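Listed below, chain by chain, are the residues.
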Amino acid sequence: MRRTQGDDVVVRTAGPDDAPGLDAMLRLLTPTSSFMRFLAGFGEPKPGLVRALLATGPRRGALLAVLPGGTAVGHACWSVDDAGAVDVGVVVVDGWQRMGLGRRLVETSLGHARDVGAVTLHLDVHPMNRGLLATLRRRLPTARHALADGLVGIDVRLADLADLAAAATAEHRRTTRQPLTSQP
Ligand SMILES: CC(C)(COP(=O)(O)OP(=O)(O)OC[C@H]1O[C@@H](n2cnc3c(N)ncnc32)[C@H](O)[C@@H]1OP(=O)(O)O)[C@@H](O)C(=O)NCCC(=O)NCCS
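All of these numbers come straight from a predicted model, not from anything done at the bench.

Caption draft 1: Summary view of the site of the ligand. Not every one of the 20 residues close to the ligand is listed here, only the nearest: Met36, Gln97, Gly102, Arg103 and Gly131. Contributing elements (two or more residues each) for the shell around the ligand: α2 (31–38), β4 (85–92), α4 (101–115), β5 (120–125) and α5 (130–139). Looking at which element gives the most residues to the shell around the ligand, the answer is α5, with 4 residues. Among the residues making up the shell around the ligand, the classes are represented as 9 nonpolar, 7 polar and 4 charged. Each of domain 1 (1–80 + 90–117) and domain 2 (119–174) accounts for three or more of the residues forming the shell around the ligand.

As structure tokens, then:
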């Protein structure tokens, strides 16, 4: 299996027909990743869980990150409540982590959620997921963090994410601009 920077991986919407592929993907997760995502260890993915992770509806959806051959290496699901908060759950198979797939899955989820009226993002992160929490604190400076039911709940306005993305793009352009050279 070729492991590039995730460029060959496609993020696409998923549905009930993807149950076998998602089941196979969940079996590849290490116990740590499985625990950080589902907050419980499971030997065999339960069919009910797989179905729930692929549920679609007017204000919910599922996504898979798939290799050219069709193998799923990442999953996200999102749902928007009546207050306009989108809850996103995401997991990437361990060997494919840190290649930008988690970000693509979350950003695509947020795109769909915005289309159906989401205005804030809610994430629940286990307190032991320290690396991810540190990253989120750095990348989402305006987010509210609150401990509830043993989890760190993170809430941030989607408008703030758009502002951050625009600022990051401007900074990237500024720092990569080539100096003008004088013509010979
Ligand atoms: C969290 C997870 C989905 C991120 O997916 P990923 O494909 O590895 O993430 P990306 O490569 O898109 O990285 C996104 C950002 O998160 C950071 N990041 C990802 N995993 C991290 C970790 N374990 N520790 C610290 N930072 C992390 C990346 O450095 C990157 O930050 P940057 O944009 O500032 O460079 C993946 O690590 C995973 O499946 N973990 C286990 C399940 C889990 O924790 N789910 C989240 C529950 S809310």
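Next, the rest of the story.
Caption draft 2: The nonpolar core, seen in detail. In this structure, Ala65 and Val73 are the most contacted members of the largest nonpolar core, which totals 33 residues. Broken down by secondary-structure element, the contributors of at least two residues to this core are α1 (19–28), β2 (60–66), β3 (72–80), β4, α4 and β5. The residue makeup of this core includes at least three contributed by each of domain 1 (1–80 + 90–117) and domain 2 (119–174). Setting aside residues up to four positions removed in sequence, Ala65 forms contacts with Val9, Val11, Ala72, Val73, Gly74, Leu101, Arg104 and Leu105.

Caption draft 3: View of unusual backbone geometry. Phi is positive for Leu39, close to 60°, though the residue is something other than glycine. Note that Leu39 resides in the loop between α2 and α3 (47–53). For Arg98, which is not glycine, the phi torsion reads 65° and is therefore positive. In this structure Arg98 comes out as exposed when scored by C-beta crowding, with 11 C-beta atoms within 10 Å.

Caption draft 4: The arrangement of the pairing of β4 in detail. As judged from the 7 bridges shared by β3 and β4, these two strands associate in the antiparallel manner. Within β4, the position partnered with His75 by the bridge is Val91. Hairpin connection of β3 to β4: 4 residues between the antiparallel strands, including Gly84 at a positive phi of 85°. Alignment of β4 against β5, held across 3 bridges, turns out to be parallel.

Caption draft 5: Summary view of the sheet that holds β4. Spatial strand order, β1-β2-β3-β4-β5-β7-β6: 7 strands in an open sheet with mixed pairing. Sheet topology places β1 (10–14) and β6 (144–148) at the edges, where each strand pairs with a single neighbour. Pairs of neighbouring strands in the sheet enclose a mean axial angle of 25°, with direction left out of account. Sheet strands touched by α4: β1, β2, β3, β4 and β5. Its angle to β3, the strand with the most contacts, is close to 30°.

Calculation criteria
- Numbering of residues starts from 1 in each chain and follows the order in which that chain's sequence is written.
- Totals for whole chains, interfaces and linings use all residues, but because this is a predicted model, local features are given only for residues with pLDDT of at least 70 and pairs of side-chain atoms are given and counted only at 80 or more.
- In this analysis, residues qualify as near a molecule or strand once their C-beta atom, positioned from backbone atoms, comes within 6 Å of it.
- Segments assigned H or I by DSSP are reported as helices when at least four residues long, segments assigned E as strands when at least two residues long, and all are numbered from the N terminus.
- Only Asp, Glu, Lys and Arg are considered charged in this grouping, and only Ala, Val, Leu, Ile, Met, Phe, Trp, Tyr, Cys and Pro are considered nonpolar; every other residue, Gly among them, is considered polar.
- Note that the domain bounds were set by an automatic or database domain assignment.
- Here, a nonpolar core means buried Ala, Val, Leu, Ile, Met, Phe, Trp, Tyr and Cys residues linked by C-beta atoms lying within 7 Å of one another.
- Whether a residue is buried, exposed or partly exposed is read from the other C-beta atoms within 10 Å of its own C-beta, which are placed from the backbone; 20 or more gives buried, 12 or fewer gives exposed, and intermediate counts give partly exposed.
- By the convention adopted here, residues are in contact when the distance between their C-beta atoms, placed from the backbone, does not exceed 7 Å.
- Strands qualify as paired when DSSP identifies two bridges or more between them.
- Where helices are involved, their axes are fitted lines through C-alpha atoms of the stretch in contact, as for all axes, and angles between N-to-C directions lie from 0 to 180°.

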